[in-house]
Amino acid sequence: MPDETPNPLNDLLMQVNTSIFAIQTEDKINFISKDNNFFFTAFKENTGHHIKAFVPAVRLENLGDEGFKKRHGLKYPYIAGAMANGITSAAMVKTMAQNGMMSFFGAGGLCLEKIEENIIDLKNSLKDKPFGFNLIHSLGDPDHEMATVDLYLKHKITLISAAAFMRMTPALVYYRIKGIYSDSKGQIVTPNHVIAKVSRIEIARQFFSPPPEKLVSLLLEKGLITQQEAQLSAYIPMAQDLTAEADSGGHTDNRPALTLLPTMLALKNEFMETYHYKEPLCVGLAGGIATPESAAAAFGMGAAYILTGSINQSCVEADICDDVKKMLCLAEQADVAMAPAADMFEIGAKVQVLKRGTLFPVRADKLFKLYRAHTSFDDIDEKSKQEIQEKILQAKFEDAWASTKEFFHKTGNTKEIERAQNDPKHKMSLVFRSYLGLSSKWAIQGNLERKMDYQIWCGPAIGAFNQWVKGSFLEVHENRKTAEIALNLMFGACICIRASILKIQGIPLPMGAGLFKPMKKKEISAFL
């Protein structure tokens, strides 16, 4: 047997493209790095040495599902998720696409002109590289949802992230089936792809099913789709890919990833058996992914891809003020809370936000409780009304209503104004919702006069991430780059997986083996 001088185990684990052999000698185990041919060339003589364990190469590009990566033209199975109001910026989308990954521009909450401006920018910059746009369910403004879809179809945006949907809508179905056709070989081709973000089983079932016949018939009656498009829609799912969204920032049901992902994977298999789709369904995981260990766990459980959000908001490419990024860098795992959502305020929907350094969760919750308990603002007790006007709205109620009314006039949603003028409870709702909507914009703009009212969408992942990067170059927001963080998480996941393979073969690992601290992109590239 050739004389080998073993390297420290961590160095070998980091050589993710090369196999590792654990060699049992007379008195210890040595670790060496060789290709697979070592199985056949070693030990030709009876030396008393033998292979105790074997760890294969675990390459970054082999993580996740090959079909998913091929479908979307990705090198790595990693998505930087959409954060509304353009927080997931064009710059973030570009850097992910240029590094073999993908991101969705955060179109939710933006006007059509702003969305179109970013569509043109990204199409001109990225050409055929993978990217997409967000489509968030507009419960109170279906016309805006349809107008957004019209914009995507006009500019041939062929991939969207569908978020916060509670049911299939005409706009979403229209996007999915418009342009569908059968090619010369009889294969159904769907130009427009949907990656759904879901935390509830009943919603996942709708996305894994073909488009609802009732909505398809409605679109056909309106002349928006052809007879052929309507017929072919019965053979495709609403979404080929679905992100199981666990405990995340923003809209979330706080589902635990350990139970959510296996449930969604079982559902995927059930629908494949039922509908026999030509292309396989895929399920990815989001919510809480912030360390190499959590990324490794996601892939180990069968995730086709991983999607991150909270950790990206503190990156240089995020379109949010530096003050918020500093706040995020200080957050710990328990520094988050649930607060009423602006877009679904009346039904009690909530979003997860940062609570450290801001009073927003407390103030927003107070507004919601008062809304539920009273039929109009005038019915609220004087002390509470004073607090709302002086501390929360920082304006007289009628002045706040005037500003709210002006907003709805600008957006063309006059139905809300008409309803509010006849329903004082709805009027109160719209004014309270205006505070919730403005609070996220104050955070983006860095309005220091309203710092205590910042609404910062954030999940517990940010605390885990901050703990992992403590003492490294990624501790401060100025050094946090979305693609570099993504490569760190995946490279670290490969190391964790390789260490785990050694452990399950009964090899005791030295202290610290398999642990990975952040590295610069150039340093990681040297191992790839």
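Residues numbered from 1 in each chain as written. Predicted model: local features only at pLDDT ≥ 70, side-chain atom pairs only at ≥ 80, totals over all residues. Heavy atoms only, no water.

Re the sheet that holds strand 16 (residues 350-354)
Pairing in this open sheet of 3 strands is antiparallel, and the strands run 12-16-15 from one edge to the other. Of all strands in the sheet, those bounded by a partner on one side alone are strand 12 (250-251) and strand 15 (336-340). Here 5 bridges tie strand 15 to strand 16, and the two strands are oriented antiparallel to one another. Looking across to strand 16, one finds that Pro 340 is bridged to Lys 350. (Pairing = 2+ DSSP bridges. Helix = DSSP H or I, 4+ residues; strand = E, 2+ residues; numbered from the N terminus.)

Considering the environment of Tyr 181
If you trace the backbone, Tyr 181 turns up in strand 8 (residues 181-182). Residue classification places Tyr 181 among the partly exposed residues on the basis of a relative accessible area of 38%. Each C-alpha atom, one on Tyr 181 and one on Ala 286, is 32 Å from the other, the two residues being 105 residues apart in sequence. Setting aside anything within four residues of it in sequence, one finds Tyr 181 in contact with Gln 187, Ile 188, Val 189, Gln 228 and Leu 232. (Buried < 20%, exposed > 50% of the residue type's maximum accessible area, 1.4 Å probe, protein only. Contact = heavy atoms within 4.5 Å.)

A short note on a nonpolar patch on the surface
On the surface, a cluster of nonpolar side chains totalling about 240 Å² of accessible area is made up of Leu 139, Met 166 and Ile 347. Within the secondary structure, Leu 139 is located in the loop between strand 6 (132-136) and helix 6 (142-154). (Patch = residues over 30% accessible without salt bridge, like charges linked within 9 Å, V, L, I, M, F, W, Y side chains within 5 Å. Areas by Shrake-Rupley, 256 points an atom, 1.4 Å probe, with all protein chains shown as cover. Salt bridge = Lys/Arg side-chain N within 4 Å of Asp/Glu carboxyl O.)

A word on the confidence of the model for the protein
Confidence in the prediction of the protein, expressed as mean pLDDT, is 93, and 96% of residues score 70 or more. Low pLDDT, under 50, characterises residues 1-7; the predicted model gives this stretch 12 contacts beyond four residues in sequence or across chains. (pLDDT = per-residue confidence, 0-100.)

Concerning unusual backbone geometry
Of note, the phi angle at Ala 164 is positive, near 65°, even though the residue is not glycine. Along the polypeptide, Ala 164 turns up in the loop between strand 7 (159-163) and helix 7 (170-177). In this model, Asn 254 sits at a positive phi of 60°, which is unusual for a non-glycine residue. By relative accessible area, Asn 254 is classed as partly exposed at 34%.

A few points about the packing of helix 5 (residues 112-126) against helix 6
In contact at an axis separation of 11 Å, helix 5 and helix 6 are set at 20° when each is read in the N-to-C sense. One way to sum up the angle between helix 5 and helix 6 is to call them roughly parallel. Considering only the axes of helix 5 and helix 6, their crossing is right-handed. Along its contact with helix 5, which presents Leu 112, Ile 115, Glu 116 and Ile 119, the element helix 6 presents His 144, Ala 147, Thr 148, Leu 151, Tyr 152 and Lys 154. Taken together, the residues of the contact of helix 5 with helix 6 sort by class into 6 nonpolar, 2 polar and 2 charged. (Axes fitted to C-alpha atoms, helices over the stretch in contact; angles between N-to-C directions. Parallel < 35°, antiparallel > 145°, perpendicular 65-115°, else oblique. Left-handed = near helix turned anticlockwise from the far one by under 90°. Nonpolar A, V, L, I, M, F, W, Y, C, P; charged D, E, K, R; others polar.)

A short note on the nonpolar core
If you look at the biggest cluster of nonpolar residues, it comprises 162 residues, and the most contacted ones within it are Phe 133, Tyr 152, Leu 172, Phe 207 and Phe 432. Apart from the residues lying within four places of it in its own chain, the contact partners of Tyr 152 are Ala 107, Ile 115, Ile 119, Phe 133, Asn 134, Leu 135, Ile 157, Ile 160 and Tyr 175. In terms of nonpolar packing, the next biggest core, distinct from the first, is built from 13 residues, Phe 68, Ala 82, Leu 159 and Cys 282 among them. (Core = buried A, V, L, I, M, F, W, Y, C linked by side-chain atoms within 4.5 Å.)

What to know about the pattern of salt bridges
What the rule picks out here adds up to 20 salt bridges. Among the salt bridges present, the one from Asp 121 reaches Lys 94, with a minimum N-O distance of 3.1 Å. With Asp 121 in helix 5 and Lys 94 in helix 4 (residues 90-97), this pair connects stretches of sequence that are 27 residues apart. A relative accessible area of 27% means that Asp 121 is categorised as partly exposed. Notably, a salt bridge pairs Asp 253 with Arg 200, separated by 3.0 Å at the nearest N-O pair. Here Asp 253, found in the loop between strand 12 and helix 11 (257-275), pairs with Arg 200, found in the loop between strand 10 (193-198) and helix 8 (201-208); they are 53 residues apart in sequence, far enough to count as distant. Each of Arg 71, Asp 241 and Glu 279 takes part in a single network of salt bridges with overlapping partners.

So, the packing of aromatic side chains
By the definition in use, this model includes 20 aromatic pairs. Seen from their ring centres, Phe 377 and Phe 432 are 6.5 Å apart, and the 80° between their planes marks the pair as edge-to-face. With Phe 377 in the loop between helix 14 (360-373) and helix 15 (382-392) and Phe 432 in helix 18 (residues 424-445), the pair connects residues that are 55 residues apart, well separated along the chain. The exposure class of Phe 377 is buried, given its relative accessible area of 6%. (Phe/Tyr/Trp six-rings, centres within 6.5 Å; stacked < 30°, edge-to-face > 60°.)

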